[in-house]
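# Coordinate inspection notes
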Amino acid sequence: MLKTEMITEIIKINPNAPEEQYLEKAADILRQGGLVAFPTETVYGLGACINNRDGLKRIFTVKGRPGDNPLITHLYTWEQLSEIVLEVPERALVLAKKFWPGPLTMILPKKETIPPEVTAGLPTVAVRVPAHPVALEMLRKTKIPVAAPSANLSGRPSPTRGSHVISDLNGKIEMILDAGATGVGLESTVLDLTSPRPRILRPGGVTLEMLEGVFGKGGVEAPQFTNVKRPLAPGMKYRHYAPKAPLCLYSGPQEKINRILSEKVEEDLKAGKKIGILAYDEDRSYYELPGLHFFSLGTRSHPEEGAERLFYLLRLSDEIGVEYIYAVAPPRIGLGEAVYNRLWKASGGKVEEI
Ligand code: TXA
Ligand code: MG
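What counts as what
- Residues numbered from 1 in each chain as written.
- Chains lettered and ligands numbered in written order.
- Predicted model: local features only at pLDDT ≥ 70, side-chain atom pairs only at ≥ 80, totals over all residues.
- Heavy atoms only, no water.
- Salt bridge = Lys/Arg side-chain N within 4 Å of Asp/Glu carboxyl O.
- Helix = DSSP H or I, 4+ residues; strand = E, 2+ residues; numbered from the N terminus.
- Buried < 20%, exposed > 50% of the residue type's maximum accessible area, 1.4 Å probe, protein only.
- Polar contact = N/O pair within 3.5 Å; in protein donor to acceptor, adjacent residues only side chain to side chain.
- Core = buried A, V, L, I, M, F, W, Y, C linked by side-chain atoms within 4.5 Å.
- Phe/Tyr/Trp six-rings, centres within 6.5 Å; stacked < 30°, edge-to-face > 60°.
- Lys NZ or Arg CZ within 6 Å of the ring centre and 35° of its normal.

One pass over the full model with this rule turns up 23 salt bridges. In this structure, Glu117 engages Lys57 in a salt bridge whose closest nitrogen and oxygen atoms are separated by 3.9 Å. Here Glu117 is found in helix H5 (residues 116-119), whereas its partner Lys57 is found in helix H2 (residues 53-63), with 60 residues between them in sequence. With a relative accessible area of 13%, Glu117 lands in the buried category.

Along the polypeptide, Glu187 turns up in the loop between strand E8 (175-178) and strand E9 (189-192). By relative accessible area, which is 5% here, Glu187 ends up buried. At a separation of 2.5 Å, a polar atom in the side chain of Glu187 contacts the side chain of Ser158. In this structure the side chain of Glu187 is engaged in a polar contact, spanning 2.8 Å, whose partner is the side chain of Arg342.

Here we take up the nonpolar core. Ranked by size, the top nonpolar core spans 59 residues in total, and within it Leu104, Met106, Leu177 and Leu211 carry the most contacts. Within the second largest apolar cluster, 26 residues are counted, among which are Phe295, Leu310, Ala329 and Ala346.

The subject of this paragraph is the packing of aromatic side chains. Counted by the stated rule, this structure contains four aromatic pairs. Look at Tyr286 and Tyr287: their rings are 6.3 Å apart centre to centre, the planes differ by 50°, and that puts the pair in the tilted class. For Tyr287, a relative accessible area of 3% translates into the label buried. Relative to Tyr326, the ring of Tyr324 lies with its centre 5.0 Å away and its plane at 55°, an arrangement referred to as tilted. Counting every residue linked through ring pairs, the aromatic cluster contains Tyr250, Tyr324 and Tyr326. Sitting over the ring of Trp78, Lys97 keeps its end group 4.8 Å from the ring centre. Against the face of Tyr340 rests Arg332, its NZ or CZ located 4.0 Å from the ring centre.

Before going further, it helps to spend a moment on the environment of Asp28. Its place among the elements puts Asp28 in helix H1 (residues 20-31). When its relative accessible area of 34% is taken as the criterion, Asp28 is described as partly exposed. Remark: the alpha-carbon pair of Asp28 and Met138, spanning 110 residues in sequence, is separated by 9.8 Å.

See below:
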C-alpha cells in the first residue's frame, strides 16, 4: 500500500452557483503551484498552472501518466488563446465562437513559452474552454491557463462524479472540488487544426456532424480507430477507460446481437461467472436472467444517456466485482461515435462483428 502523502481538502461546491470563497481558495492553490481537481462539463480535470513546471510534473506522477502523453490547457475565454498559441487561425476563431465554452479541444502550434511538460515535448498544444460554471469561474480567478488531464489514475475510466476523483486521488493532491455529476460524461472532442483538413483525433461531445456544419460534408477527417499502436493523439494508444474485468464489444444488427449474447451470458452464468452486460433499455427483455448485472446505456435514440453513464457504469462494475463484461455497440452517429470509441478502447480493440 502507498502511504498517504498529504491531506486533500475535499469541498462540496455548488455546480450552478459556485461559492466565491471555494473558488478563491482553489485559484490560490493553483497559483502557488498546487494541484486541484475540478469539474468540467465532460469529466473531472486535474489541474496545475502552466507556468509551474513542478506542478505539471506532479500531475504525471500522481496519475501514473506516461510522460509522452500531453495535457489539455484550459482557458476561461477564447481571448486567452494568443497567450498559448503561435497564431490564431481564422478557422480556430470560428470554432471557438461557435463551440466554446464547450467540449471541443483544438490542437494548434504552441508558443515557445509553453513548457514541454504541457505538450510532452510536441510543437503543438491542446486548448479548450470548458462549459462548467465551477471550471470557468476558477479559471477566471486563477488568470493563468491551467493544464489538466482527466482526474483519474492512468488507465482507469475518467471520473464523472466527485466520488470517482476521491477514490483515485484522495491524499495525493491539495484539493478536490466536488460538484457531483459532470454532464456530457465523455472527454472532449480533440480536433487537430495543424493539417489542411481538420482531423478528429478523439471523438467527443462536439460531433463530426456538428463540425461538418462548419466545414461542410467531407471537410473534416473522421477519427481513425484501427492503428492503436501509433495514433495521432498520443493518449489514444494506451489501454484506457478500462474496467478491471475484460470487456468484449459486439457490433451488428440489434436482434442478432441480443440473441447471440443472451445465450453466451446464460452459459457463463451457469458456469458460475459474475457477468455484466452493457446494453440499451430496448434490449432488456433478453437479459432477465437471475444474477446477471444489466448496465443500461439508456436508449439508442438518445446517445447522450449512454455517454453520461458509461464511465460511472464501468467503475460500478469494478466495485461489484464483475468478472466479464459484454457490451452492445451503439449506433455510430452523433455522440454515439464517442460512446463507441470509449467502449472500443475499454475492450482493448476487441470487437466481435456479428
Ligand atoms: O474533456 C476533456 O478533454 C478532459 C477535461 C478535463 O477537459 N480532459 C481530458 O484530458 O480528457 P486527457 O489528458 O485525459 O486527454 C487529452 C487527450 C489525450 O489523448 C492527449 O494525447 C491528447 O488529448 N493531446 C493533448 N495534446 C495533444 C497534442 N498536442 N497533439 C495531439 N494530441 C494531444
Ligand atoms: Mg484521460
